[in-house]
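Topology and contacts: notes
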Amino acid sequence: MIELASPQAASKFRSEIKPTWCPGCGDFGVLNSLQTACATIGINPKDLVVVSGIGCSSNLPGFIHSYGMHTLHGRGVAVAQGVRLGNHGLTVVATGGDGDGYGIGVGHFVHAVRRNINMTYIVMNNQIYGLTTGQTSPTTTKGVKTKSTPGGNIENALNPLGIALMAGASFVARGFSGDANGLAEIMTKAIAHKGFSLVDVLSPCVTYNKMNTYAWFRERVYKLQEKGHDVTNMESALKASLDWDQRIATGVLYQVERPTYEEQDPAMAEFGPLVNHKLGLSDNDWKAVVQEFM
Amino acid sequence: MDIKSATVWIGGAAGDGVASTGDILAKTCSRSGLHYFAQSSYQSVIRGGHVVYQFQASSEPVYTHGDNFDLLIALNQDSVDYHIKSINKGAGRGFIFNSDKVKLDVSALPAGALAYGLPVGDLTAEFGRNPVMQNTLACGVFINLLQLSWDVFEKAVRDQFGKKKAEIADLNVKVARKGFEYAQSKFQPLKDIVLKGDGRPRMLLGANQAIALGAVAGGCTFYSAYPMTPASAIMHWLAPRSSKYGIVMKQCEDEIASINMAIGAGFSGTRAMTGTSGGGFALMTEAMGLSGITEVPVVAVLVQRGGPSTGLPTKTEQGDLFQALGAGQGEYPKAVMTPISVEDAYFSTVQSLNIAEKYQLPVMLLSDLLLSEHLETVDSEALTNKVVIDRGDVVDSVGADYTRYADTPSGISPRVYPGLEGGQHVAGSDEHDEDGTLISDIFTNPTTRVKMVRKRFRKMDALAKEIAGESFVKEGPAQADLTLVGWGSTYKTLKNIRLALEKEGMKVNHIQFRIVWPFPAEAALKELKSAKKAVLVENNYSGLFAKLLRQETGLSVPHHIRKFDGEPFYFAPLLERVKGLLNPGAPEVQYLVTAELDIPIKRVVATAGV
Ligand SMILES: Cc1ncc(C[n+]2csc(CCOP(=O)(O)OP(=O)(O)O)c2C)c(N)n1
Ligand code: SF4
Ligand SMILES: [Mg+2]
């Protein structure tokens, strides 16, 4: 058990802007848990950068007091990696939706996972395109009727946790925004993890997804950590990622230690955060490089 | 009269060692204080793997890779068969080739031309009769025929192999010496060609290397890219030097990631740049707008190649001007630089990085395959590490009233880097207010929208002023009978044309554009309105720059010479066309095609290296 920061401590991450989400939207819970997690770790808001793509969920950076970027649909993870590579003294959190990260941005997602840059990626998975008013998403359950699939979705839903595990993730977790403390605990672990961490959050869209509701999830979610789950066991993690119709695993599915990208990149290993480098070429370096071209 | 330059081709199949042979001869020339300009035509790859490396070496400055050849080192039969009609007139011009393998019908040669056949088997008997030695042997012959310094050549060979492969270097030197001596005993040097270096070794590079070097010297510490010809050499130059200069070279999963990562790095306070060719740039365009509206600086290098689509991966073209100018949805301030030479590519890279940060906007740096992949000698004094690195208005402390997008008179709002207390804000791709608050979602606020668009575009006023005197270079007399106009990579060819016409007693001047956005409308109009007769030369089909010029100045240039066959302009045919403009009734638009290189398709192999 992690002792979570008090709401008062978390309030230093509260922005002046009130969230614009529909009342009851799952994303409120994600925001709260993220603020609690950041306070629990003791991050200074000036050293936190929250980067998102585009979607209801991607509006989150505006509602947290920190540095942030609200980028392009599907590109938040790419931008976030750049922020972290540019200054790996910062804590970098990417947030977005299922369409953002598993649809248009799925390429960046898979490659970010295998790269193991030390950052956290939180996906508010509502199994629908919220901002564009309710079309099918990559995680919409087969058969579900949406605005763009009036006869029922005929594609299979993808398994983001399974994909992350197979892509070589060092930290894979799932949370439920109806369980504020549980989610805050998972996020705390994710941010503290050294390497790329994925937190897929079951975050109901109360307006456009009438199937995957709070009640629907409450009937199914269980906590892996209460079941003696071994987080270093890939097989059990994969198995847990496959649970869906009857029961849904939450908690940390997988966590192992792997060297981060920052530790292995030749320039960053040698010089530290790029943002502090001395710029340009010294006279000696210049002489040598001119000679190289002779 | 002595001829002070030689044009040499090296022809062979991909894998015959054409490039490494070219490299050794290039170093021999540049270190002898000669001027050198080389271009590799690897049209080949789709035509049975035929590669032609063409260079011009000279006692005087050279501006192009030359036209027809004086000597051709033929590494295969095709090189003789295809290029026999491209021999220059003159005694001793001809082919150096392996007579064991390549057949040459001497009667087919023009008068005075020679066949320098080498019995490679016999000559390399003592070294184990290895047929790959034909290149080295031919180099030895070449050094003798053009009376170049053996010592300089020997050192170039040794450097090519390095200390680790000293044994192979020794062997190659011996083989080359054999060729050198064989030539001494059998052939006459080309007496009328006198290549005399001034003893000052010169740098040897193309624009890709100049851009990479300019990036490092200009303070870029993050370069992200996805491999794409002809931009990959920037990545290849930076990657092995990453830990030496402290620059991260990040190969990404695609060009979308490349530019978005560069923007992220830029937000964190790192000087960042990305690079690609047209196809990759097309993928980057949405993020150009992201840089535009979030005012996070980024530099994107766009090395053009023949398009559209996959187009001509290994061929040159100036076809992407409008894709740069029109990159992405909506309107945003931006700058587009089109460096005109290798030296300029170096300084333009530094300037791009400065403009991007000073004005907090995306800068596109356009090169093309010709400029990026050719090799030429550059005086080392022409480049310097003493360049200004201007990071713009970045503050390291802020008051309680700080807003990231403050509506200042210049439009430039002070930047902060994450980590600074009090500077917290969100850089939003949605329209936002001065403090970064989105104005797009709940209600659209017309007043704020107008204010913010005006603020961003105001930056262009100061930028336009800053670059006013540098947007183009003008050479030759103030008033002339003919004005040559170009942009980007055609500069040296047009300079060569101007000098040649001047020698013939004509009054010619030349205007070459190196920054095309913001467009220097007033200055361009002033120059061109008074031109007696002007011709616009560009490497594309539809006259993209002509359109831009008309759009921005209302001015139509009366004559156009264009080329879209994938090859650069060759000096002699272009000169002829330019001269023809003086005749009455000269055509308004004419196209050039390099027929000499129109090689018949023998077999088709898969395209490689695209
Ligand atoms: C390139 C591009 N394509 C499409 C869109 C329109 N768009 C905005 S958000 C979105 C999907 C949002 O779904 P998701 O990422 O799941 O976020 P949610 O709103 O459900 O939180 C789409 C398609 C866009 N902004 N940019
Ligand atoms: S539409 Fe759905 S996802 Fe978007 S704010 Fe409303 S409830 Fe949340
Ligand atoms: Mg969604």
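Residues numbered from 1 in each chain as written. Chains lettered and ligands numbered in written order. Predicted model: local features only at pLDDT ≥ 70, side-chain atom pairs only at ≥ 80, totals over all residues. Heavy atoms only, no water.

**Comments concerning the overall build of chain B**
Of the regular secondary structure elements, chain B holds 19 helices and 22 strands. The C-alpha atoms of chain B give a radius of gyration of 26 Å, which matches the 25 Å a tight globule of 610 residues would have. Across the 610 residues of chain B, 61% fall into the buried class. When contacts within chain B are restricted to residue pairs at least 6 apart in sequence, those whose partners lie at least 24 apart make up 74%. (Helix = DSSP H or I, 4+ residues; strand = E, 2+ residues; numbered from the N terminus. Rg over C-alpha atoms; globule rule 2.2 N^0.38 Å. Buried < 20%, exposed > 50% of the residue type's maximum accessible area, 1.4 Å probe, protein only. Contact = heavy atoms within 4.5 Å.)

**Focus on the site of ligand 2**
Taken together, Trp21, Cys22, Cys25, Cys56, Asn126, Cys205, Val206, Thr207 and Tyr208 of chain A make up the full set of residues adjacent to ligand 2. When grouped by side-chain class, the residues that make up the shell around ligand 2 number seven nonpolar, two polar and no charged. (Near = heavy atom within 4 Å. Nonpolar A, V, L, I, M, F, W, Y, C, P; charged D, E, K, R; others polar.)

**Some remarks on the coordination of the magnesium ion (ligand 3)**
The coordination sphere of the magnesium ion (ligand 3) contains the protein donors Asp98 of chain A (OD), Asn126 of chain A (OD1) and Ile128 of chain A (O), at a distance range of 2.1 to 2.2 Å. Read from N- to C-terminus, the donor residues coordinating the magnesium ion (ligand 3) fall into the pattern D-x27-N-x1-I. (Donors = N, O, S within 2.8 Å, 3.2 Å for Na, K, Ca; no water.)

**As for the interface of chain A and chain B**
Each partner contributes residues to the interface: chain A has 55 residues there, and chain B has 71 residues. When the buried area of chain A at its contact with chain B is split by residue, Tyr67, Phe293 and Met294 of chain A rank highest and sum to 17% of it. At the boundary of chain A and chain B, one finds four salt bridges. Between aspartate 283 of chain A and lysine 386 of chain B there is a salt bridge, with the nearest N and O atoms lying 2.6 Å from each other. Summed over the shared surface of chain A and chain B, the number is 20 residue pairs in polar contact (both at pLDDT 80 or more). For the side of chain A that touches chain B, the elements supplying multiple residues, two or more each, are β2 (67-70), α3 (76-86), α5 (106-115), α11 (266-271) and α12 (283-292) of chain A. With seven residues, α3 of chain A is the single largest residue contributor to the side of chain A that touches chain B. Across the side of chain A that touches chain B, the residue classes tally to 27 nonpolar, 19 polar and nine charged. In this structure, β2 of chain A lies alongside strand β15 (residues 426-428) of chain B, joined through three bridges in parallel fashion. Of the residues in β15 of chain B, the one forming a bridge with methionine 69 of chain A is alanine 427 of chain B. (Buried area = accessible area lost by both parts, 1.4 Å probe. Salt bridge = Lys/Arg side-chain N within 4 Å of Asp/Glu carboxyl O. Polar contact = N/O pair within 3.5 Å; in protein donor to acceptor, adjacent residues only side chain to side chain. Pairing = 2+ DSSP bridges.)

**A few points about helix α15 (residues 446-467) of chain B**
In an α-helix there are 3.6 residues to a turn, and that puts residues three or four apart on one side. Residue and element names in this part refer to chain B. In a regular helix each residue adds 1.5 Å, so 22 residues correspond to 32 Å; α15 covers 33 Å between its end C-alpha atoms and thus fits that length. For α15, the set of buried residues is Thr448, Met452, Lys455, Arg456, Lys459, Met460, Leu463 and Ile467. Those residues of α15 hidden inside the fold are in contact with α11 (278-294), β12 (335-337), α13 (342-359) and β19 (515-517). The N-cap of α15, judged by a side-chain oxygen 3.2 Å from the amide nitrogen of threonine 447 a few residues on, is asparagine 445. (Expected span 1.5 Å × (residues − 1).)

**What to know about the site of ligand 1**
All names here are of chain A. Taken together, 17 residues surround ligand 1, and among them Cys56, Ser57, Asp98, Gly99 and Asp100 come closest. Glycine 99 is positioned such that a nitrogen or oxygen atom in its backbone is 2.8 Å from an oxygen atom of ligand 1. Between isoleucine 128 and ligand 1, the recorded distance is 3.1 Å, taken from a backbone N or O atom to an oxygen atom. Coverage of ligand 1 by the protein amounts to 77% of the 580 Å² it exposes when considered alone. At four residues, the largest contribution of residues to the shell around ligand 1 is made by helix α4 (residues 98-104). Taken together, the residues of the shell around ligand 1 sort by class into six nonpolar, eight polar and three charged. (Areas by Shrake-Rupley, 256 points an atom, 1.4 Å probe, with all protein chains shown as cover.)

**Quick look at the packing of helix α2 (residues 27-41) of chain A against helix α7 (residues 180-192) of chain A**
Relative placement of two packed helices is described by the angle separating their axes and the distance separating the axes. Residue and element names in this part refer to chain A. α7 packs onto α2 with a crossing angle of 50° between their chain directions and a minimal axis gap of 8 Å. Between α2 and α7, the angle falls in the class oblique. Relative to α7, α2 is oriented so that their crossing is right-handed. Here Gly29, Val30, Ser33, Leu34, Thr36, Ala37, Cys38, Thr40 and Ile41 of α2 lie close against α7, whose contacting residues are Ala180, Leu183, Ala184, Met187, Thr188, Ile191 and Ala192. (Axes fitted to C-alpha atoms, helices over the stretch in contact; angles between N-to-C directions. Parallel < 35°, antiparallel > 145°, perpendicular 65-115°, else oblique. Left-handed = near helix turned anticlockwise from the far one by under 90°.)

**Quick notes on the pattern of salt bridges**
In this structure the tally under the stated criterion is 50 salt bridges over all chains. Two residues, glutamate 219 of chain A and arginine 220 of chain A, come together in a salt bridge whose shortest N-O distance is 3.6 Å. Judged by relative accessible area, which is 16%, arginine 220 of chain A ranks as buried. Here glutamate 292 of chain A and arginine 241 of chain B are joined by a salt bridge, their closest N and O atoms 2.4 Å apart. In this pair, glutamate 292 of chain A sits in helix α12 while arginine 241 of chain B sits in the loop between α8 (232-238) and α9 (242-245), so the two residues belong to two different chains. Judged by relative accessible area, arginine 241 of chain B falls into the buried class, the value being 16%.

**A word on the packing of aromatic side chains**
Residues and elements named next belong to chain A. Scanning the entire structure with this criterion turns up 31 aromatic pairs over all chains. Between phenylalanine 176 and phenylalanine 217, the aromatic rings sit 5.7 Å apart at their centres with planes inclined by 50°, giving tilted as the arrangement. Here phenylalanine 176, found in strand β5 (residues 171-176), pairs with phenylalanine 217, found in helix α8 (residues 214-218); they are 41 residues apart in sequence, far enough to count as distant. Taking relative accessible area as the criterion, phenylalanine 176 reaches 5% and is therefore assigned buried. (Phe/Tyr/Trp six-rings, centres within 6.5 Å; stacked < 30°, edge-to-face > 60°.)

**Examining the domain arrangement of chain B**
Residues and elements named next belong to chain B. For chain B, the domain assignment lists domain 1 (5-186), domain 2 (204-378), domain 3 (393-467) and domain 4 (472-596). Placing the centre of domain 2 and that of domain 4 at their C-alpha centroids yields a distance of 26 Å. Every contact between the two is made by 28 residues of domain 2 and, on the other side, 26 residues of domain 4. Between domain 2 and domain 4 lies a buried interface of about 2,300 Å² when both sides are counted; carbon and sulfur atoms form 60% of it. Broken down residue by residue, the surface that domain 2 buries against domain 4 is led by Gln318, Leu321 and Ile340, which jointly contribute 32%. One can count four salt bridges joining domain 2 with domain 4. Residue lysine 492 pairs with glutamate 343 through a salt bridge whose shortest N-O separation is 3.5 Å. At the boundary of domain 2 and domain 4, one finds 14 residue pairs in polar contact (both at pLDDT 80 or more). Of all elements in the fold, only α12 (321-325), β12, α13, β13 (362-368) and α14 (369-373) reach the threshold of two or more residues within the side of domain 2 that touches domain 4. Top element by residues in the side of domain 2 that touches domain 4 is α13. It accounts for four residues. (Domains from an automatic or database assignment.)

**Here we look at the nonpolar core**
Residue and element names in this part refer to chain B. Core analysis: the largest hydrophobic core is formed by 95 residues, its most contacted members being Phe222, Met364, Phe513 and Phe545. Examining the composition of this core, we find that seven residues originate from one element, helix α10 (residues 255-268), more than from any other. Dropping the residues within four chain positions of it, phenylalanine 545 is found in contact with Leu321, Trp487, Phe513, Val516, Phe519, Leu536 and Glu538. Ala217, Cys220, Leu365 and Ile515 belong to the second-largest nonpolar core, a separate cluster that totals 53 residues. (Core = buried A, V, L, I, M, F, W, Y, C linked by side-chain atoms within 4.5 Å.)

**Digging into the pairing of strand β1 (residues 5-13) of chain B**
Residues and elements named next belong to chain B. Among the nine residues in β1, eight count as buried, and that is most of the element. Inspection of the sheet shows β1 paired to strand β3 (residues 50-58) by nine bridges, in the antiparallel sense. Following the sheet pairing, glycine 12 is matched in β3 by valine 51.

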